[in-house]
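# Structural description and commentary
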Amino acid sequence: MFNFAVDFYNIHCEMKAKPLTLILIPLAFTYAAAGNTVELNGAWQFRFDKDAALEQACDPAFEANDVMTVPGCFDVLEQYAKQRGTAQYRKVVYIHENVSNAVWQIEGMGLRGRFFIDGRKVGESSLAYSCIEFETGPLSAGEHTFAAALDNNLINDKDELFLPYYDFYAFGGFYHGMTLTLQKQKVQLDKVLVRTRDFRSGVVELELETLCGASLPATVSAAVQFDAGAWSNVKFTDGKASLKVPDFKLWSPAHPNLHTVRVKYQGSLAQARFGIRSIEVSGSDILLNGESIYLKGVNRHESHPSFGSATPEQVMINDIHLMKSLGINFVRGSHYTQSQRFLDLCDEAGLLVWEESLGWGNRPEQLGNPAFIEKAKEQTRLMVRRSMNHPSVIIFAFLNEMKSHTPEGKEIADILIKVIREQDSGRLVSFACNSVKTDISNVNTDIISFNTYPVWIDKNPMPDSSPETMRRIIQNNFDEIVRYFRGKYGDKPIIISESGTCGIYGYRDNTAAQWTEDFQAEYVGHAMDAAFSNKEIKGFTIWHFADADSYHRSGGVLRTKPFAQNLAGLYDPYRRPKKVTEVVREKFSSK
C-alpha cells in the first residue's frame, strides 16, 4: 500500500490588488495494494463550514479549500479552534480489481457523519467515538472518490448521545483512522473472537465472524494455529469451537502474556491476539485469575491540546508509562469507547481497563426516550464486540452518572446490562453512580461503583479550614455511601469510580488554598487514606489523569471551568506533573 499525500496540485489563483496568492490544495490519493485491507489514513481534501449543520453542508462534490489528516481533529488547529459546524473530506482511492463488496471502517468520529463513494451515500451515523462500519456494495477496479461530512455541532435534543452540558469537550474529526476491507470471495473470514472458558487449563472458545455477514455452514472445518505452533484442522459448529491453547501462559498485570490465533477457511485468513485470564466476583471481592485484587486506578480522557481526541501512539505510550510509574494498575476510559490501539498497549503493559459507552449525567427525558435507548444499545453492543479480545478490559459499563435514582434510569440500566451479557464477554458489568443515597439501578450490576467529591462538589460548606476537618468529612462521606449500598444491595464489591479535586499547574501556596497544587495534593491524600481504611472498598479511581478540555463558553456553569478545562488532572494537559503525583505514587505503591 502506498499513500500519495500530495499526488498533484490544483492551483487556485486569486487576483487582487495585492501580489498573486497561490492556494495549493493536494488531491489526496491512496493506491491500494493487492491485499484485502486498504489504509485510508493520510491527507484528505477538506472544507469547513462554520455553524452549518450536516443537512445543510453535506455535498460530496464540495469545493475544497484546505487539507486535513485522518486521523486528526480539525478544531485543535488555529484556523478552526473551538469552532462548530460541518467539515467535509474527500480522497481518491485506487483499487486493483473488481470486488463484490467491501467494508469501510471508521474508528471514532465526532460527532455525526455521512459517508459517500463516487457520490453515492453508503451510510451515516451519530454514534460518536464508536468504531462503525459500512458496506460499500460492488466496487470496480480503478479510481473511486471517497467523501465524508462530519458535524461537530452540539445539539440539545433528547435523541442525541452527546449533549451540550457534558463535562468534556467533543472534538470534531476522525479520532483513530479508517480502513477499507475488500471482499474477494463469497465467504471471507474477517475476525476471530476469543473467550477464555477455563483459565486453569487454557481452554478458549473461538468464534468466527465473516466479512459483510456472509453465512457459514452449520458445521465447517478450518485450519487453526496458536502462536507459532502447528496447524490443525478444527470442526466449528455454528461458527464456534473450544480448544486448549498449547503451552499457554496466563495474562495478569504482573505477567501480561499474550497469545495469537490464526484461522484459515477456504483461502481466507483471520487472526487475533488475546490473553487467557478470568475476572469474577466472590462476595465483596474482585478476583483476577482466582485471586483477590485491589483496583488502584485513575480516570483518563482521550484528550491533548495538540491532538484533541486523536491522540497518537506516542502520547498513549507515555500516558501508560506515567500511570504505571505512580503504582496505578487500573484505568477507567471515561466517558466513551476506547481506541483499539490504546487497548492493545494496555494489554501489553498489564494495565487493567474499564471501558464504557457514551453518556454523562443523562436525565429521565433521555433515559426513557426510545431513540436514545436504541443508540445506547447499539453503541454498547459494538463496544463489547470490538473489545472482546483485550484481556486488559475487565469491566464494561455505560452512561456515567445517569440519573440512576429514577425508574427510567433503572430500566435503561437493565437493558444495557442485558446487551453486555448477551455477548458472553466474560467481563464484569457496572456503571459510575452519583445518586449515592437514592440509587435504585444497581440491582443487576456485578460491581457497585460510585462517584463522590465531598468538600469539593458539596452543598455543605466546610465548617472550618483545618486539614483534620477535611479528612473527617471525606472519611464520613465514603463510609456513609458504603453503608447505604451495602444495606440496599447486599454483598457485592464496591469501588470508588471517581473522587478528586482540582489544582492549577504551577500555583502553589503554603496555606493550601483551593485550586492550588497544595490543596489538591492534600485532598487526594485524605481521600486515598479514607478509601484504604474502609475494608469494604475494593478499588479507588482518582479523577483524573491529565487536565482536559471541557465545555467552552457555554454548556455548564462557566465559573467551575477555568480555562475551559477540567483541572483535576494529576498532570497538566501537556503531561507535566503536579505536586499530587508524589502523594499518589507513595500511597499506591505502598497499598
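Up top is the structure these notes are about.
Residues numbered from 1 in each chain as written. Predicted model: local features only at pLDDT ≥ 70, side-chain atom pairs only at ≥ 80, totals over all residues. Heavy atoms only, no water.

## Details of the sheet that holds strand β5 (residues 37–39)
Quick reminder of the rule: DSSP calls a pair of strands paired once it identifies at least 2 bridges connecting them. Runs of E in the DSSP output that reach at least two residues are strands. Runs of H or I that reach at least four are helices, and both are numbered from the N terminus. With axes taken as lines fitted to C-alpha atoms, and helix axes fitted only over the stretch in contact, angles between N-to-C directions fall between 0 and 180 degrees.
Overall, antiparallel pairing links the 4 strands, which are arranged β5-β17-β10-β14 in an open sheet. Two strands lie at the open edges of the sheet, namely β5 and β14 (131–135), each paired on one side alone. For this sheet, the mean angle separating the axes of adjacent strands, direction not counted, is 20 degrees. For strand β10 (residues 101–107) and β14, the ladder comprises 5 bridges, and the chain directions are antiparallel. Directly across from Ile106, in β14, lies its bridge partner Ile132.

## Observations regarding helix α7 (residues 467–489)
Inclusion rule: To estimate how far a helix should extend, the number of its residues minus one is multiplied by 1.5 Å. Accessibility here uses a 1.4 Å probe with only protein chains present; expressed as a share of the type maximum, an area under 20% marks a residue as buried, one over 50% as exposed, and anything in between as partly exposed. Any pair of residues with heavy atoms lying within 4.5 Å of one another is described as a contacting pair.
With 23 residues, α7 should reach 33 Å at 1.5 Å per residue; the first-to-last C-alpha distance of 33 Å fits that figure. Considered for burial, the residues of α7 that qualify are Thr469, Met470, Ile474, Asn477, Phe478, Asp479, Ile481, Val482, Phe485, Arg486 and Tyr489. On its buried face, α7 sits against β33 (432–433), β34 (448–451), β35 (494–499), α8 (517–533) and β36 (537–542). Backbone geometry just downstream of α7 places Gly490 in the positive-phi region, at approximately 75 degrees.

## Details of the environment of Leu269
Inspection of the secondary structure puts Leu269 in strand β24 (residues 268–274). Through-space distance from the C-alpha of Leu269 to that of Asp227 is 15 Å; in sequence the pair is 42 residues apart. Excluding anything up to four places from it in sequence, Leu269 contacts Leu189, Trp231, Arg262, Val263 and Lys264.

## Digging into unusual backbone geometry
The omega angle of the peptide bond from Gly110 to Leu111 is 0 degrees, so this bond is cis rather than trans. Mapped onto the secondary structure, Leu111 falls in the loop between β11 (109–110) and β12 (112–117). A cis geometry characterises the amide bond from Ser334 onward to His335, with omega recorded as -5 degrees. Along the chain, the position of His335 falls in the loop between β29 (330–333) and α3 (340–349). We note that Asp118 has phi near 55 degrees; this positive angle belongs to a residue other than glycine. A positive phi angle, close to 60 degrees, is found at Phe563, a residue other than glycine. Relative to the assigned elements, Phe563 resides in the loop between β37 (548–549) and β38 (565–566).

These figures come from the coordinates and say nothing about function on their own.
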